[in-house]
Every structure is written in structure tokens, then in C-alpha cells.
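Report on the structure
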Amino acid sequence: MASESVLEIRGLTKTYGSGKRQTLALNQLDLSVNRGEIFGYLGPNGAGKTTTIRLLLDLIRPSSGSARIFGLDTRADSVEIHRRIGFLPGELSLWEGRTGDQIIHYVASVRGDSRGIAKQAGELAEQLDLDTSKRVRDLSSGNKRKLGLVIAMMHSPELLILDEPTGGLDPLVQQTFHEMMDDYRAKGRTVFLSSHVLSEVQAICDRVGILRDGELKAVESVEKITNVEFNWVDVTFRDAVPAGLQRQLESLLTISDVSTNGARVRMRMAGDFDPLLRAISSGYVEMLHVEEPSLEEIFLAFYSGDEEKTE
Ligand code: ATP
């Protein structure tokens, strides 16, 4: 069965300012996100992630191009779209003098079915260990973020758009958030989240897009790119790196980027460990440390082989 796309972006371009002070924040973005997937929109600061999200929500207007959500135009049909989505902005501004409960009840009443929504909000707050009786001004930035997540998710929207959702959350809460995203996907709902945290995207997303300088550099399934296997290996010897070891390692087909520092040798290794273990057995190995590559490194490795960009 062909997958149904929830989000379709075509040629979306945004330029801020005019004349010499013009910034091209987003350049000809083409992207589709399917129903039931968690899509990670990854990029360094200033890449254009927030600009994309603001365009999707019709908070700003594109210079050219268009986007459709649920088949509806993001400009012409923004009211209908807002009814069916949940949104967590990167910079959340909530009424500081109100309590979490007051804000939840207000937003729930605007959305209709306030009783059902408030009940769901209570469950989400409990999952996130958030005290909704406190005034916003008395909440830490992490707890404000949790309140933002509750408000974004409490009406069980078909599509969640989250801008840097876990910024300021401690690792335990991040783990809870990951579980919430898994539940969300299991219900056939869709999530579009921006992040610059590679491990997070790796842990929860089905596909990722990498944005740099306003351009989409790659779109790939997390599973496929993490199959590009290599590791960083550090070997520490008790005394010194055996003479000639660096050259011997460099001659192995599966090993590259070898560097020696004191009694330590570091290398990039693909494939089996056996050739390495044989090579280092001439010295007394005190410690062997294996480190997985970052998603960025995996992407670079994946795309250095002239692979076609796929969506
Ligand atoms: P971050 O991770 O830091 O939030 P981002 O990927 O969300 O970054 P954007 O905020 O979309 O990036 O910014 C993309 C580019 O557009 C940057 O060069 C930024 O300086 C510029 N920009 C964003 N908003 C405006 C604005 N209102 N006026 C002028 N330039 C802007």
C-alpha cells in the first residue's frame, strides 16, 4: 500500500530582509512526511529549521513555494490545519501569572471537548511528572517545556510539530518523552520534530532530514544510515605503543585515520575486530575503548559514496 503523505513541501523558499541585508533562510525545500512516521529535522543553529516550522504554521509567509498539510494549503486553510495539529514552539511564551491548570483549561475550551482534553492533559502531566497547579512564573525552564508539550499533545492531534522539544529537559524526562513518541507512532499519528541532538533523533525517528544553510542536504531512514558500520577504537598500552604498530595498522584495509598519542592509539575501524586484535597483541593492552560514530559522521560516510539522495 502506498504511504499517505501528511506533509508535502514544494520549492519552499524564505528570504528575510531586503537589499544588502537579505538572508536566504530556506532555499527551494522539497520534502514529504508520511502518516505514522516520526521525522527528525536536523541541523545546526541557523540552518532554517524554525523558519520552516513557522512557514508550515502560517506564522510567516514564504517568498516562493508552498506546503500542504493533510492535503490542505498551509496559507489558505491554516485555521482548519491548526485545529488538527499540535505545536510546541522553540521559544514558548505562556501567561506568566496563570497556573498550568488555568492555561490547560483555557486552551482546551477553545479547542472544544474541554473535559476530554483536560483529562488527557492530566495523564500527560502525570507521565511527565509536572505539577500543573503552579504559576508559570514559578516553573523552571524545563517544567515550562513540559507544560508546552502537554498543551501540544492534549487533544491527540493527527500531526505534532515540535521545535527542539527536549531542550532543557533532564535525561530521565527525555527518556519519558521518547516513550511518549513511541506511543504516539503506535497510534498511527505523525510527528515532525526539529533537533540538533543527534542521539535523540537516532533514538526516536524513522527518517531524518539534514538541513544546512537553508538547504536540505540529505533525507534518509535512520535504520539505513546506521547500517554504515564503523567505530572509533582507542587502544591504550601499559607502557608504549609497540614500534611499527601505526604503520602496521595503516596497512590494514579495514582501518584508517590512525593517530598515536603517548601510549594511546586511535583509529577508525570497519568490519571485524580480529585483524586489529592480532596487530595489537605484541604489546600489553591496558584498555580498549570502542565508540560509535555520531549521526553526522555516519551521514558523511554514507554520502561520501556518491549515493543518490532519496526521500
Ligand atoms: P536554531 O537551531 O538556532 O533555532 P534554526 O535552524 O531554527 O536555528 P532559523 O531560526 O530558521 O534557524 O534561522 C535561519 C536563518 O534565518 C538564520 O541565518 C537567521 O539568522 C535568519 N533569520 C531567522 N529569523 C529571522 C528574522 N526574523 N529576520 C531576519 N533573519 C532571520
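Here, every reference points to the structure presented above.
Presented here is an overview of the structure given in this document. (Residues numbered from 1 in each chain as written. Predicted model: local features only at pLDDT ≥ 70, side-chain atom pairs only at ≥ 80, totals over all residues. Heavy atoms only, no water.)

Our next topic: the environment of Arg-247. In this structure, Arg-247 sits in helix H9 (residues 245–250). A relative accessible area of 68% means that Arg-247 is categorised as exposed. In sequence terms Arg-247 and Val-258 are eleven residues apart; their C-alpha atoms lie 8.8 Å from each other. (Helix = DSSP H or I, 4+ residues; strand = E, 2+ residues; numbered from the N terminus. Buried < 20%, exposed > 50% of the residue type's maximum accessible area, 1.4 Å probe, protein only.)

Moving on, we come to the packing of aromatic side chains. In total, this model carries four aromatic pairs according to the counting rule given. Judged by centre distance (5.3 Å) and plane angle (85 degrees), the rings of Trp-95 and Tyr-106 are edge-to-face. Of this pair, Trp-95 sits in the loop between strand S6 (85–88) and helix H3 (100–111) while Tyr-106 sits in helix H3; the two residues are eleven residues apart in sequence, bridging distant segments of the chain. A residue is classified by how much of its surface remains accessible, and Tyr-106, at 46% relative accessible area, is partly exposed. With centroids separated by 6.3 Å and ring planes inclined at 85 degrees, the aromatic side chains of Phe-230 and Trp-232 adopt a geometry described as edge-to-face. (Phe/Tyr/Trp six-rings, centres within 6.5 Å; stacked < 30°, edge-to-face > 60°.)

Our focus in this paragraph is the site of the ligand. Taken together, Tyr-16, Thr-23, Ala-25, Pro-44, Asn-45, Gly-46, Ala-47, Gly-48, Lys-49, Thr-50, Thr-51 and Glu-164 make up all the residues around the ligand. Thr-51 is positioned with one of its side-chain polar atoms (N or O) 2.6 Å from an oxygen atom of the ligand. With the chains in place, 60% of the 630 Å² that the ligand exposes on its own is no longer accessible. Those elements that place two or more of their residues in the shell around the ligand are strand S2 (23–34) and helix H1 (49–56). Counting residues per element, the shell around the ligand draws most heavily on H1, which supplies three residues. (Near = heavy atom within 4 Å. Polar contact = N/O pair within 3.5 Å; in protein donor to acceptor, adjacent residues only side chain to side chain. Areas by Shrake-Rupley, 256 points an atom, 1.4 Å probe, with all protein chains shown as cover.)

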